[in-house]
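Letter by letter, the chains look like this.
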Amino acid sequence: MIPLWSKMAVFWNKMFLTIIVLLIVLFLDAVREVRKYSSVHVNEKAVNVNTNAFDHIQMKLFRSQRNLYLSGFSLFLWLVLRRTVTLLTQLAKGMTSHAALETQVNDATEAARKYMAENERLQEALSEKESSKKKESAEATDEKLKKEVEHLKAELQKTSDALNKANNEVTAVKKQSEGLKREYDHLMKEYEWLQASLNEAEDKKEL
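From a predicted model like this one, the values you see are computed outputs, not experimental measurements. (Residues numbered from 1 in each chain as written. Predicted model: local features only at pLDDT ≥ 70, side-chain atom pairs only at ≥ 80, totals over all residues. Heavy atoms only, no water.)

Draft legend 1. Representation of the packing of aromatic side chains in the model. This structure, assessed with the given rule, holds one aromatic pair. A ring pair is formed by Phe16 and Trp78, whose centres lie 6.3 Å apart and whose planes are at 10°; its orientation type is stacked. Note that Phe16 is positioned in helix H1 (residues 2-47) and Trp78 in helix H2 (residues 51-132), a separation of 62 residues in sequence. Phe16 sits in the buried class, given a relative accessible area of 9%. Residue classification places Trp78 among the buried positions, given a relative accessible area of 14%. Looking at Arg82, its charged tip hangs above the ring of Phe16, at a distance of 4.8 Å from the centre. (Phe/Tyr/Trp six-rings, centres within 6.5 Å; stacked < 30°, edge-to-face > 60°. Helix = DSSP H or I, 4+ residues; strand = E, 2+ residues; numbered from the N terminus. Buried < 20%, exposed > 50% of the residue type's maximum accessible area, 1.4 Å probe, protein only. Lys NZ or Arg CZ within 6 Å of the ring centre and 35° of its normal.)

Draft legend 2. The arrangement of the pattern of salt bridges in detail. Enumeration over the complete set of coordinates arrives at four salt bridges. Two residues, Glu33 and Arg32, come together in a salt bridge whose shortest N-O distance is 2.7 Å. Relative accessible area serves as the criterion here: at 17%, Glu33 is assigned to the buried category. Its salt-bridge partner being Glu118, residue Arg121 comes within 2.3 Å of it at the nearest N-O pair. Of this pair, Arg121 and Glu118 both sit in helix H2, three residues apart, roughly one helical turn. (Salt bridge = Lys/Arg side-chain N within 4 Å of Asp/Glu carboxyl O.)

Right under this line is the structure:
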C-alpha cells in the first residue's frame, strides 16, 4: 500500500501543477470578465439604454461573477487537497520508517537474547571446568572465560544502547505520526466546511 502511494505521489505532483495552472487562468479570466461587465453595466445604466440590452449585460455580469466564485472556491479547495495529499505522503513515509525501526528493534532484541544465552553457557562451562581441572589450568581457563564474559558484556551493552536508541526513534516517529494525523483531521474538517459553504453559495445563486 505504501509503495503504491509513493508512486501515485509522483503522478499527483504533475497533475496538481497542471490543474493549478488551469484554475489560476480561469480565475484571472473570471476577474477580467467581472471588471469588464461591471464597467459596462455602470456605463449602460448611466446612458439609459433599452431594457433588453441592460438585461443582457446584467446576465453577462452574473455569469462572470458566478465563474469568479466557482473558480476561486475550486482553487482554494484544490490547494487544501494538495496539502492533504502532502500530509498523507508524509504519513506514509513515517509509517515506512516506523516499520524499519521496529525491524531493527526486533533484530537487536534477538541479538541480545543470543548474547545472554551465550553468556549463560560460558558461565556453565566455567563452573564445570573449575571443578574438573587442576587449580593452575582452572585459573588460566577462568581468566580466559572472564575475558570472554567481559567481551560479551561489552557487546551486550552496545546492543542495549542500540535498542534504547531504536526505541527512542520509534517513539519520535509515533509522535510525528500522531501530529500528522491530527493535522490531517483538522484539514478534513476545514475541507468539509468549505464544501458546505460552496454548496450553500451555489444553492443561493440558483435561487
